[in-house]
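Below, each chain spelled out in residue letters.
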Amino acid sequence: MPEAEDQQERQLTTKLASMARPWKIPPIVQELAAGLQEPPSRYVVRDQDRPAAAAAAAMPEPIPIVDLSRLSAADDGGGADGEVAKLRCALQNWGLFLAVGHGIEPGFLAEMMQVTRGFFNLPTEEKQKYSNLVNGKEFRFEGYGNDVVLSEDQILDWCDRLYLIVEPESRVVGSLWPARPPAFSAVLREYTARCRRIADVVLSSLARLLGLREGRFVGMMNEGVAMTHARFNYYPRCPRPDLVLGLKSHSDASVITVVLIDDTVGGLQVQKPNDGGGVWYDVPIVPSALLVNVGDAIEIMSNGFFTSPVHRAVANAERDRVSLAMFYTLDPEKEIEPLPELVDEKRPRRYGKTTTKDYLAVLFERFAGGARAMDTVKISTAELDSGSGSEDG
Ligand SMILES: O=C(O)CCC(=O)C(=O)O
Ligand SMILES: [Fe+2]
């Protein structure tokens, strides 16, 4: 069959396949939630994943609040070793921290939140102009809607999201940026630029913690088409928050993630890395603080010195909730593997090689099924013991 015909045939097949599988296109949760008493069975999670299972009574230690302005001062040789120690401790104990002194005024964070809410509060027809379903059928990552549904028995999250590439400019798909509220794009652009400065400060500090050249990670983030993805999450009120999850358990594929979390309603929960117990802890609300977490890419590059924290969001019966996650990723084609400086005989290579592009494909597939992509690159203890882990995997 000639190539063009073959392609047409394939397109037609996908189209027909999705028409025959309406489960692939779940409803917008915000619409579904209006006037509902019980969440439909597709949203009801297994007993062991319910918010009440493995809920923590109290934090073993608080999630540290790190003052980024003091970290920058430390960069200038101005002292503040206490802040660096706090950062190290935060990352070892939790894989994340709450950032203050980040330079973005509370008023501007509130504006970013306001345009985010403004978008989700628009009528559905308006939001659907930015749908992540091409022709109402085929899924793409960017745009408004749900996460990809890969099987009929996939448990769905109690959330809608808008996913946009915000950096570099050459990769921005302007037609997917909401025209309403009118200030949305300008505020997002400004927020992106200001968040980038925060990411640079954090990445410099992470490099120093690892004993690397300060610009090691920042430099990588400027190579090729290193991208920043923005994910706006909207968690509608849920009549039975005990039965569902706003966002199922996952870790981020990013190098680092900076999250603007709602300061009116909690919902983000985290597990302690290397805890083994699977206990969930509530991330506290600290007004005007940004949450920063390390992602899978830096866990791999640091050869396991950092652990990408497993987290999730729970729904709420009284209030809806929004969040905005900025994922800092490397060029999609660039190889991700433990940095040679961090591999030696004492600490053999613990992860194989991947690229952001391949890893993201695995991550979305595994996320849909409730599993972690990290397990596909981690070299098992048995392999490490037998020495096979020192080869590329
Ligand atoms: O809603 C939140 O607080 C967290 C969102 C999140 O983890 C994500 O978008 O990856
Ligand atoms: Fe996340």
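Keep in mind the model is a prediction, meaning the values are calculated, not measured.

Undergrad: Where do I start with helix 5 (residues 106–120) in this structure?
TA: Residue pairs three or four apart in sequence face the same way in an α-helix, which turns once every 3.6 residues. With 15 residues, helix 5 should cover 21 Å at 1.5 Å per step; its first-to-last C-alpha distance of 21 Å lies within 8% of that length. Listed as buried for helix 5 are F108, L109, M112, M113, V115, T116, F119 and F120. One side of helix 5 holds all its buried residues, which, seen down the axis, span an arc of 160°.

Undergrad: Please clarify how the site of ligand 1 should be interpreted in this entry.
TA: Residues in contact with ligand 1 amount to 13 residues; listed here are only the nearest, N233, Y235, H311, R321 and S323. Within the contact set of ligand 1, an oxygen atom lies 2.8 Å away from a side-chain nitrogen or oxygen of R321. At a separation of 2.7 Å, an oxygen atom of ligand 1 approaches a polar side-chain atom of S323. Calculation on ligand 1 without its partners gives an accessible area of 300 Å², and the protein chains cover 97% of this total. If you list the elements that add at least two residues to the shell around ligand 1, you get strand 7 (228–235), strand 8 (247–250) and strand 14 (321–328). When residues in the shell around ligand 1 are grouped by element, the largest group, 4 residues, is from strand 14. By residue class, the composition of the shell around ligand 1 is 6 nonpolar, 4 polar and 3 charged.

Undergrad: Looking at this structure, I do not really get the packing of helix 4 (residues 81–93) against helix 7 (residues 184–209). What am I missing?
TA: For any two helices packed against each other, one specifies the crossing angle of their axes together with the interaxial distance. Orientation of helix 4 relative to helix 7, taken along the N-to-C sense of each, is 85°, at an axis distance of 11 Å. As far as their axial angle goes, helix 7 and helix 4 are roughly perpendicular. Residues V84, L87, R88 and L91 of helix 4 form the contact with helix 7, whose own contacting residues are S205, L206, R208 and L209. Residues that form the contact of helix 4 with helix 7 fall into these classes: 5 nonpolar, 1 polar and 2 charged.

Undergrad: How should the sheet that holds strand 2 (residues 96–100) be read in this particular structure?
TA: Within a sheet, each strand pairs with its neighbour through backbone hydrogen bonds, oriented either parallel or antiparallel. Strand order in the open sheet formed by 8 strands is 1-2-12-9-14-7-6-5, and the pairing between neighbours is mixed. At either end of the open sheet lies a strand with only one pairing partner, and these are strand 1 (65–67) and strand 5 (143–145). Across the sheet, the mean angle from the axis of one strand to that of its neighbour is 25°, orientation sign disregarded. On the sheet, helix 7 packs against strand 2, strand 6 (160–167), strand 7, strand 9 (256–261), strand 12 (290–294) and strand 14 and is oriented at approximately 55° with respect to strand 14.

Undergrad: I'm lost on the sheet that holds strand 13 (residues 311–313) in this one. Help?
TA: Spatially, 4 strands are ordered 8-13-10-11 in an open sheet, and the strand pairing comes out antiparallel. The sheet is open, and its two borders are formed by strand 8 and strand 11 (281–282), each paired with just one other strand. Note that strand 10 (residues 268–270) and strand 11 share 2 bridges and pair antiparallel. Bridge pairing in strand 11 links Q269 to D282.

Undergrad: In this structure, what is going on with helix 7? I would like to understand it.
TA: The end-to-end C-alpha distance of helix 7, which contains 26 residues, comes to 37 Å, matching closely the 38 Å that a straight helix rising 1.5 Å per residue would cover. Positive phi appears at G211, one or two residues downstream of helix 7, with a value of about 75°.

Undergrad: Please clarify how the coordination of the iron ion (ligand 2) should be interpreted in this entry.
TA: Octahedral six-donor coordination of a metal ideally yields angles of 90 or 180 degrees, compared with 109.5 degrees for tetrahedral four-donor coordination. With distances of 2.1 to 2.3 Å, the protein atoms coordinating the iron ion (ligand 2) are H250 (NE2), D252 (OD) and H311 (NE2). Mapped onto the sequence, the residues coordinating the iron ion (ligand 2) show the spacing H-x1-D-x58-H. Here the residue D252 occupies a position in the loop between strand 8 and strand 9, and H311 occupies one in strand 13, the gap between them amounting to 59 residues. In terms of burial, D252 and H311 fall into one category: buried.

Undergrad: Help me out: how do you make sense of the packing of aromatic side chains in this one?
TA: Think of a pair of aromatic rings as described by two things: how far the centres are apart, and how the planes are tilted against each other in angle. In the structure shown here, the tally under the stated rule is 12 aromatic pairs. With centroids separated by 6.3 Å and ring planes inclined at 50°, the aromatic side chains of F120 and Y144 adopt a geometry described as tilted. Of the two residues, F120 sits in helix 5 while Y144 sits in strand 5, which places them 24 residues apart along the sequence. With respect to class, F120 is no different from Y144; both count as buried. With a centroid separation of 5.2 Å and an interplanar angle of 85°, the aromatic rings of F305 and F306 are classed as edge-to-face. With a relative accessible area of 32%, F305 lands in the partly exposed category.

Undergrad: Just to check I follow, could you spell out the packing of helix 5 against helix 7 for this structure?
TA: Closest axis-to-axis distance for the helix 5/helix 7 pair is 10 Å, and the angle between their directions is 135°. When the axes of helix 5 and helix 7 are compared, the pair comes out oblique. In this structure, helix 5 crosses over helix 7, and the sense of that crossing is left-handed. Between helix 5 and helix 7, the contacting residues are F108, L109, E111, M112, V115 and F119 on the first element and F184, V187, L188, E190, Y191 and R194 on the second. Grouping the constituent residues of the contact of helix 5 with helix 7 by class yields 9 nonpolar, no polar and 3 charged.

Rules and cut-offs
- Residues numbered from 1 in each chain as written.
- Chains lettered and ligands numbered in written order.
- Predicted model: local features only at pLDDT ≥ 70, side-chain atom pairs only at ≥ 80, totals over all residues.
- Heavy atoms only, no water.
- Helix = DSSP H or I, 4+ residues; strand = E, 2+ residues; numbered from the N terminus.
- Expected span 1.5 Å × (residues − 1).
- Buried < 20%, exposed > 50% of the residue type's maximum accessible area, 1.4 Å probe, protein only.
- Arc of directions from axis to C-beta.
- Near = heavy atom within 4 Å.
- Polar contact = N/O pair within 3.5 Å; in protein donor to acceptor, adjacent residues only side chain to side chain.
- Areas by Shrake-Rupley, 256 points an atom, 1.4 Å probe, with all protein chains shown as cover.
- Nonpolar A, V, L, I, M, F, W, Y, C, P; charged D, E, K, R; others polar.
- Axes fitted to C-alpha atoms, helices over the stretch in contact; angles between N-to-C directions.
- Parallel < 35°, antiparallel > 145°, perpendicular 65-115°, else oblique.
- Contact = heavy atoms within 4.5 Å.
- Pairing = 2+ DSSP bridges.
- Donors = N, O, S within 2.8 Å, 3.2 Å for Na, K, Ca; no water.
- Phe/Tyr/Trp six-rings, centres within 6.5 Å; stacked < 30°, edge-to-face > 60°.
- Left-handed = near helix turned anticlockwise from the far one by under 90°.

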